[in-house]
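Residue-level structural notes
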Amino acid sequence: MDPIQVWNAIKDLLHDDVIGEFAFSTYVDSLTPVAISADENNTTVLQLTTSQEEVAKEWQNSNSLYYSKFVPAAMTATLTLYGQPQFVKPLVTYTKPQPVKTDFPITQTVEQGEGELPTNASTFITKATLNPEFRFDTFVSSDENREAYSVAQAVADNPGTQWNPLLIYGGVGLGKTHLMQAIGNAVLARQANAKVKFITTEDFINDFTEALRRGPKATEAFKREYRSTDLLMVDDVQFLSGKEKIQEEFFNTFNAITRENNQIVLTSDKLPKEIPGLEMRLVTRFGQGYSANITKPDLPTRVAILRNKSDQEGLNIPNDVIDEIAAAVDTNVRDLEGVFNQVVGKMRFSNAPITVDTARSILETMNFKRQRAITIPIIQDIVARYYDVTVSDINGKKRNKEIVVPRQVAMYLAREMTQDSLPQIGRAFGGKDHTTVMHSTEKIEKILGEDITLEHQVQEIRERLKE
Ligand SMILES: Nc1ncnc2c1ncn2[C@@H]1O[C@H](COP(=O)(O)OP(=O)(O)OP(=O)(O)O)[C@@H](O)[C@H]1O
């Protein structure tokens, strides 16, 4: 039996059993497998080492939670790996830690062979806990995320130097976590033993609360672990909102890491100053590096993301199917992938080529409807009906208020909802000059900020246009 293989399989099983990331990373993930041997009773023993005395003590107690969960997990693991369940006992010994020299910022390449443990096998996560698919080369860069993409690459190339912290913010499912983990994956690809840690804000809260509950030693271990990272990535910092004690610990962690010129990357759904209940000192700290926004991808980007995914998975999805999905799903990339996966599933299980009709029926069951193309004549028609005037009034020259407002609203929406240029819009509105279009749209923009009734009207028309 291979000790690393067996331990990895046991660890996977324990991961679901041991509550809390902190407990798991301290008491399970930090152990290094050394050998498999037989004791005097001929029982198979998996020998493991730890550099933390209290962790070894916990394992040496055969009534401990970890010991008791280990034995059944080992049975399952050996059954899966070798076809036969085997009774295996853990033997955890304490070894004094050797000082580890880190050469962060990264300057050299350290190769990590398959299955080999990082040389500083500490409680730090390694490549395995990052999503290996979240890389720069699998991320489609477009206008909506280009800034975030470029800064993330700069941070990955030179962590802890210029953009510290890097904060990536934007709506749900737009690729913030992907970009953040791409930094982690790039750093670990260059230096496998870099102390890289990716956590959600919830993990941080749970780990800290658990450490406090366990007492001073665990709290010390928590601080040691978090504060000595080379690259700390924290997802969704908006969840720090209103949690004073946690914010204080986060503040101290933040300071300890940046003081050493190590790197912090954060994601949030909004700018720090817009997070309610976030202490001013954190707002200032979070904003001191670089804040990059990600917004919703437009249609060509959505097509590119799907094309990319289809190619990566070696699938041959027809272009019209991809266009159909991309046009219908404009909420976020996670939804886009969700529909894509359904389509792929359908292809695999029904063994039939996928057509636009199948894609449509999947989209319908998932409540996505293809938006119809919005053109100037459609806008003119809907605006005219909404205000009870005629399309020729809108395209004519009458200057009374009842007609001028609908005309200007229609021009404004044509500018907002179509790709047509100012001269094209002017021509479509009865041959008007492009300056008239510009003046009308600016006028509506200005009134919208002051007139709530008009704002509601415009919103209602937008919704009718999307029906
Ligand atoms: N530009 C992109 N190119 C390729 N894949 C993308 C892109 N943007 C997002 N994705 C994919 O969309 C999914 C959702 O992205 P991710 O989890 O990073 O979103 P998020 O912004 O962190 O969302 P949340 O705020 O909900 O945590 C992931 O599978 C990610 O790989």
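Residues numbered from 1 in each chain as written. Predicted model: local features only at pLDDT ≥ 70, side-chain atom pairs only at ≥ 80, totals over all residues.

**Considerations on the overall build of the protein**
Helix and strand counts for the protein come out as 20 helices and eight strands. Expressed as a percentage of its 467 residues, the buried residues of the protein come to 34%. Nonlocal contacts in the protein, meaning residues at least 24 apart in sequence, comprise 71% of its contacts between residues at least 6 apart. (Helix = DSSP H or I, 4+ residues; strand = E, 2+ residues; numbered from the N terminus. Buried ≥ 20, exposed ≤ 12 C-beta atoms within 10 Å, placed from the backbone. Contact = placed C-beta atoms within 7 Å.)

**Some remarks on the UniProt feature "binding site: ATP" (unreviewed entry) in the protein**
Taking the UniProt record as the reference, the feature "binding site: ATP" (unreviewed entry) is found at Gly173, Gly175, Lys176 and Thr177. One can find Gly175 in the loop between β4 (166-170) and α6 (176-190). Sequence-distant contacts of Gly175, that is, excluding residues within four places in its chain, are made with Phe139, Asn145, Ile294 and Val333. In this fold, Lys176 is placed in helix α6. Exposure remark for Lys176: the 27 C-beta atoms within 10 Å place this residue in the buried category. Among all residues touching Lys176, those that are not within four sequence positions of it are Ile168, Gly170, Thr267 and Ile294. (UniProt positions renumbered as here; feature names shortened; annotations may be inferred.)

**Side note on the site of the ligand**
In the vicinity of the ligand, 17 residues are found, and the nearest of them are Gly175, Lys176, Thr177, His178 and Val333. Mapped by element, the contributors of at least two residues to the shell around the ligand are α6 and α13 (333-350). Residues of the shell around the ligand, tallied by class, amount to seven nonpolar, six polar and four charged. Shared between two domains, the shell around the ligand holds at least three residues of each, these being domain 2 (127-294) and domain 3 (299-365). (Near = placed C-beta within 6 Å. Nonpolar A, V, L, I, M, F, W, Y, C, P; charged D, E, K, R; others polar. Domains from an automatic or database assignment.)

**As for the packing of helix α15 (residues 376-387) against helix α17 (residues 401-417)**
Helix-helix packing: each pair is described by the crossing angle between the helix axes and the interaxial distance. Put simply, α15 and α17 touch, their axes get as near as 9 Å, and they point 145° apart. α17 is crossed by α15, and the crossing has right-handed handedness. Of α17, the residues touching α15 (which contributes Ile376, Ile379, Gln380, Val383, Ala384 and Tyr387) are Pro406, Val409, Ala410, Leu413, Ala414 and Met417. A breakdown of the residues in the contact of α15 with α17 according to their chemical character gives 11 nonpolar, one polar and no charged. (Axes fitted to C-alpha atoms, helices over the stretch in contact; angles between N-to-C directions. Left-handed = near helix turned anticlockwise from the far one by under 90°.)

**Structural notes on the sheet that holds strand β6 (residues 231-235)**
In spatial order, the strands read β5-β6-β7-β4-β8; together these five strands make up an open sheet with parallel pairing. At either margin of the open sheet sits one strand with a lone partner, and together these are β5 (196-200) and β8 (290-294). Averaged over all pairs of adjacent strands, the angle between strand axes in this sheet comes to 15°, irrespective of strand direction. Direction of pairing for β6 relative to strand β7 (residues 263-268): parallel, over a ladder of four bridges. Paired with Val234 across the strands is Leu266, a residue of β7. Where helix α5 (residues 146-157) meets the sheet, it contacts β4, β7 and β8, and its direction lies at approximately 140° from that of β8. Here α6 sits on the sheet in contact with β4, β5, β6, β7 and β8, set at roughly 165° to β6. (Pairing = 2+ DSSP bridges.)

**So, the nonpolar core**
Judged by nonpolar contacts, the single largest core of 65 residues is most densely connected at Ala152, Ile168, Ile183, Ile325 and Val339. When we break this core down by domain, the ones giving at least three residues each are domain 2 (127-294) and domain 3 (299-365). With residues near it in sequence (within four places) discarded, Val339 still touches Ile325, Val329, Ile362, Leu363, Met366 and Phe368. In this structure, Leu46, Trp59, Phe70 and Ala77 belong to the second largest nonpolar core, which totals 18 residues. (Core = buried A, V, L, I, M, F, W, Y, C linked by C-beta atoms within 7 Å.)

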